[in-house]
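Listed below, chain by chain, are the residues.
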Amino acid sequence: MKLRIVTPLSVVVDEDGVLALRAEDCSGGFGILPRHADFLTSLVISIVSWKSGDGKRRYCAVRRGVLSVTGGEAIAIATREAVAGEDLLTLDQTVLSRFRADIETERTERVESTRLQLNAIRQIMRHLRPDGRGATGSL
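Quick summary incoming for the structure in this document. Quick caveat: nothing in here was measured; it's all calculated off a predicted structure.

## Section: the environment of Thr79
Thought 1: When you line up the elements, Thr79 lands in the loop between strand 9 (74-78) and strand 10 (82-85).
Thought 2: Separated by 16 residues in the primary sequence, Thr79 and Arg63 place their C-alpha atoms 6.4 Å from one another.
Thought 3: For Thr79, the contacting residues outside a window of four places in its chain are Ile5, Val6, Thr7, Pro8, Val62, Arg63, Arg64 and Gly65.
Thought 4: There is a polar contact of 3.3 Å between the side chain of Thr79 and the backbone oxygen of Glu81.

## So, the packing of aromatic side chains
Thought 1: Tallying each qualifying case throughout the model produces one aromatic pair.
Thought 2: With centroids separated by 5.4 Å and ring planes inclined at 65°, the aromatic side chains of Phe30 and Phe39 adopt a geometry described as edge-to-face.

## Thoughts on the side chain of Ser46
Thought 1: Mapped onto the secondary structure, Ser46 falls in strand 6 (residues 46-51).
Thought 2: Taking the relative accessible area as the measure of exposure, Ser46 reaches 10% and is therefore buried.
Thought 3: If we skip the residues at most four places from it in the chain, Ser46 touches Glu24, Cys60, Ala61 and Val62.

Cut-off values and rules
Residues numbered from 1 in each chain as written. Predicted model: local features only at pLDDT ≥ 70, side-chain atom pairs only at ≥ 80, totals over all residues. Heavy atoms only, no water. Helix = DSSP H or I, 4+ residues; strand = E, 2+ residues; numbered from the N terminus. Contact = heavy atoms within 4.5 Å. Polar contact = N/O pair within 3.5 Å; in protein donor to acceptor, adjacent residues only side chain to side chain. Phe/Tyr/Trp six-rings, centres within 6.5 Å; stacked < 30°, edge-to-face > 60°. Buried < 20%, exposed > 50% of the residue type's maximum accessible area, 1.4 Å probe, protein only.

Structure follows, in structure tokens:
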């Protein structure tokens, strides 16, 4: 099989001769072998692993994404971010340092977004009150 893992900025993996692949979606882990039925799923943050034609196991950490199997031979993964590696320990350390900063940034952005939404709701409630007073309860 042919495996291709891409991000918006690069092709992380482009490999022919893949014998088997293992990935994870929201329902759990699953495997793909040659002649697999056409398939489309949404991946969670996880490690995708595959066995190459040379018998070696390879890995790629993906940060969500979409996996498709076409014609039983082509596996494509489109993801926001991916880090490839041949050793799980080294990959783990690379991923932790790389993803940790992004995860913290996303968390901060979610908190700020929620804060802005709550402020907008409070402003709307003030304008909707018939007496024009501010909201008495807190959200």
